[in-house]
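Okay, here's what each chain looks like letter by letter:
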Amino acid sequence: MILAFLFLLLAASLVALAYALQTLVHLLRFRVPYVATPAWAIKRVAELARSAHNVADIGCGDARVLLAIEQNNSSATLTGYEAQWWPFFRARWRTRRSAVKILRDNFWTADLRHYDFIFLYLLDELMPKLETKLRRELKKGARVASYGFIFPTWQPAEVITNPAKPNGSKLRLYIQP
């Protein structure tokens, strides 16, 4: 009995170590940690995406944003990109009974031309390169909602503040000219 318990403890420790190592490698490689989007921002993104036809969440984490959009806009095609395996599996599990498609893929190599609404919550250091990619690939009128981080030269069409924390992180809506 004790041997079985020790074996189980060892197996759990190895899984935890594998997850920690994978997270470290991912942070060093992509420099994007998993951080959940606040509920107020999810609600506003779902409202902003109400009329969208093709929606992407790049770095979708656990897919909460996509599921909220699906509740407001069930006719949209919804795709999440997630490179980390643990959030990817959480997202796949959470979306198993929905039409949301989750890809374990690197959005840098993905073709984003057909999306008319994109949500992202990334990091400042990625925004210049991402701005170039989105401005090159997106069609005129496509909208991009960014939580917390800004593009260096693309001016937002709207800046949305959390009513409960006016000095906190903001949601910015960009429109492809």
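Look above for the structure.
Summary of the structure given here. Please read all numbers here as calculations on a predicted model, not as lab measurements. Residue positions are counted from 1 within each chain, in the order its sequence is given. Local features are withheld for residues below a pLDDT of 70 in this predicted model, meaning they are given only at 70 or higher, and side-chain atom pairs are given and counted only at 80 or more; totals for whole chains, interfaces and linings count all residues. Just so you know, side-chain values use all the structure's heavy atoms and leave hydrogens and water out.

1. Here we look at the pattern of salt bridges
- The term salt bridge refers to a side-chain nitrogen of Lys or Arg lying within 4 Å of a carboxyl oxygen of Asp or Glu. Under the counting rule described, the total for this entry stands at 9 salt bridges.
- Among the ionic pairs, arginine 44 bridges to glutamate 47, the shortest N-O distance being 2.7 Å. With arginine 44 and glutamate 47 both in helix 2 (residues 39-48), this residue pair falls 3 residues apart, about one helical turn.
- Relative accessible area decides the class of each residue, using a 1.4 Å probe on protein chains only: under 20% of the type maximum gives buried, over 50% gives exposed, and in between gives partly exposed. Owing to a relative accessible area of 23%, arginine 44 belongs among the partly exposed residues under this scheme.
- With relative accessibility at 31%, the residue glutamate 47 sits in the partly exposed group.
- A cluster of three or more residues bridged by salt bridges with shared partners is formed by Asp62, Arg64, Arg90 and Arg94. Strands here are runs of E lasting at least two residues and helices are runs of H or I lasting at least four, both read from the DSSP assignment and numbered beginning at the N terminus.

2. Some points on the nonpolar core
- Think of a nonpolar core as a cluster: buried Ala, Val, Leu, Ile, Met, Phe, Trp, Tyr and Cys residues, connected wherever their side-chain atoms sit within 4.5 Å. Of all hydrophobic cores here, the largest spans 29 residues; its most connected members are Val55, Ile69, Ile102, Phe117, Phe119 and Leu171.
- For this core, the secondary-structure elements that each account for two or more residues are helix 2, helix 3 (64-72), helix 4 (85-94), strand 4 (117-120), strand 5 (143-147) and strand 7 (165-175).
- Ranked by residue count, the leading element in this core is helix 2, at 6 residues.
- Only heavy atoms matter for contacts: two residues are in contact if any of them lie within 4.5 Å across the pair. If near-sequence neighbours (up to four positions away) are discounted, phenylalanine 117 is found in contact with Val45, Leu48, Ala49, Ala52, Asn54, Val55, Ala56, Arg143, Ala145 and Leu173.
- Grouped together as the second largest cluster of nonpolar side chains are 22 residues, Phe107, Met127, Phe149 and Tyr174 included.

3. Here we look at the sheet that holds strand 5
- If you trace the 7 strands from one edge of the open sheet to the other, you get 3-2-1-4-5-7-6, paired in mixed fashion. On the outer flanks of this sheet lie strand 3 (101-103) and strand 6 (158-162), each paired with one strand and no other. Between one strand axis and the next, the sheet turns through 20° on average, direction left out of account. In this analysis, strands are considered paired if DSSP registers two or more bridges between them. Helix axes are fitted only over the stretch in contact, all axes being lines through C-alpha atoms; the angle between N-to-C directions runs from 0 to 180 degrees.

4. Comments concerning unusual backbone geometry
- Notably, alanine 63 is not glycine yet its phi reads approximately 75°, a positive angle.
- Looking at where alanine 63 falls in the secondary structure, it is placed in the loop between strand 1 (54-58) and helix 3.
- The buried category is assigned to alanine 63, whose relative accessible area is 0%.

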